[in-house]
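Structural characterization, general
Given next are the chains, with one letter for each unit.
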Amino acid sequence: MGGVNGQFAQVRCRYGNRSFGNVHKGFKKYYHTVRDELHAAIAPLVNGRDVIVTGHSLGGGVAGIALPDLVARYRAKYQSIVSYSFASPRVGDPIYCAKLAEADVEAHRVVNTEDLVPDLPPANTLKLDYRHYGGLTSFTAHYGTIANTHNTPALIYAVETPNQPGNNLAATRSLGAGQRAGAGQI
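What this report covers is the structure whose coordinates are included nearby. (Residues numbered from 1 in each chain as written. Predicted model: local features only at pLDDT ≥ 70, side-chain atom pairs only at ≥ 80, totals over all residues. Heavy atoms only, no water.)

**Quick notes on the packing of helix 1 (residues 25-42) against helix 2 (residues 58-74)**
Under the convention used in this document: An axis is simply a line fitted to the C-alpha atoms; with a helix, the fit covers only the stretch in contact. Between two such axes, the angle follows the N-to-C directions and lies from 0 to 180 degrees. Segments assigned H or I by DSSP are reported as helices when at least four residues long, segments assigned E as strands when at least two residues long, and all are numbered from the N terminus. Each angle receives one of four descriptions, namely roughly parallel if under 35 degrees, roughly antiparallel if over 145, roughly perpendicular if within 65 to 115, and oblique otherwise. Helix crossings fall into two classes, left-handed where the near helix is turned counterclockwise from the far one by less than a right angle and right-handed where it is turned clockwise. Any pair of residues with heavy atoms lying within 4.5 Å of one another is described as a contacting pair.
Where helix 1 contacts helix 2, the two axes come as close as 9 Å, and the packing angle between them is 55°. Our classification of the angle between helix 1 and helix 2 gives oblique. The element helix 1 and its partner helix 2 pack so that their crossing is right-handed. Seen from helix 1, the contacting residues are F27, K28, Y30, Y31, R35, L38, H39 and I42; seen from helix 2, they are L58, G61, V62, I65, A66, D69, L70, R73 and Y74.

Set out below in structure tokens:
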């Protein structure tokens, strides 16, 4: 799971004077490496607008940590906040998920049921409870390898061809050997 070393520790998720339950320690730590840059970029743009947060894989996990921070900081300024995550791992506990719902975060998840990453961290690990947030849109397609099944071109192909997501991806998208999706964008 990228820069989180496969560890499943949780930490409190608190932004402003609001608590959002517990979240994955590594995702939160990673988010804080980009947090200042994110706020500098969106602060002048947020007034009266919709805020859309998105990410793929680790980027989906990091985007999930950004949501409560954005809610706490900008709730009075934005019109709505919408999240689209693709192949995202689980981010937080049931309280985290409930608090996002209470904050009217509109959240959508796109998942390939053959992808391993959305099953991480395990839902119940060492007395920790991890859950997904948001509504699920799923498809089932295996593209030959674990990497091809998880990468961004596989998701794009499935979205563009919803009636046939399991067709020959390699013929439709030129996937080079070793091509993998990055951490995504917030």
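**Some thoughts on the sheet that holds strand 4 (residues 80-86)**
Cut-off, in case you're wondering: Only strands that DSSP links by at least two bridges are regarded as paired with each other.
Pairing in this open sheet of four strands is parallel, and the strands run 3-4-5-8 from one edge to the other. Looking at which strands have only one partner, the edges of the open sheet turn out to be strand 3 (50-56) and strand 8 (135-139). Taken pair by pair, the neighbouring strands of this sheet meet at an average axis angle of 15°, ignoring direction. Contacting strand 3 and strand 4, helix 2 crosses the sheet at an angle of about 155° to strand 3. Contacts from helix 5 (residues 152-160) reach strand 3, strand 4, strand 5 (106-112) and strand 8 within the one sheet, and its direction differs from that of strand 8 by about 90°.

**A look at the pairing of strand 3**
Put simply, the rule reads: Seen with its strands pointing away from the viewer, a crossover is right-handed if its path from the first strand over the helix to the second goes clockwise.
Here strand 3 pairs with strand 4 via seven bridges, running parallel. Across the sheet, G55 pairs through a bridge with S85, a residue of strand 4. Once you follow strand 3 into helix 2 and on to strand 4, the crossover reads as right-handed.

**Considerations on the pairing of strand 4**
Pairing geometry for strand 4 and strand 5, over five bridges, is parallel. The partner of F86 across the bridge, within strand 5, is V110. The handedness of the strand 4 to strand 5 crossover, carried by helix 3 (residues 94-102), is right-handed.

**A few points about helix 1**
Defined as follows: Working rule for helices: expected span equals 1.5 Å times residues minus one. What is called the bend at a residue is the angle between a pair of axes, fitted to the seven residues leading up to and ending at it and to the seven starting from it. We call a residue buried when its accessible area falls under 20% of the maximum for its residue type, exposed when it is over 50%, and partly exposed in between, using a 1.4 Å probe and counting protein chains only.
In a regular helix each residue adds 1.5 Å, so 18 residues correspond to 26 Å; helix 1 covers 24 Å between its end C-alpha atoms and thus fits that length. At V34, helix 1 is deflected by roughly 50°, the largest bend along its length. Burial in helix 1 covers these residues: G26, F27, K28, Y31, R35, L38, H39 and I42.

**Considering the pattern of salt bridges**
Stated formally: Note on definitions: salt bridges are taken to be side-chain nitrogens of Lys or Arg within 4 Å of carboxyl oxygens of Asp or Glu.
For the structure on display, the rule yields three salt bridges. D69 is the partner of R35 in a salt bridge, and the nearest nitrogen-oxygen pair spans 2.6 Å. Residue R35 is found in helix 1, and its partner D69 is found in helix 2; the two are separated by 34 residues along the sequence. The partner of R131 in a salt bridge is D129, and the shortest N-O contact between them spans 3.1 Å. Overall, the relative accessible area of 39% leaves R131 in the partly exposed class.

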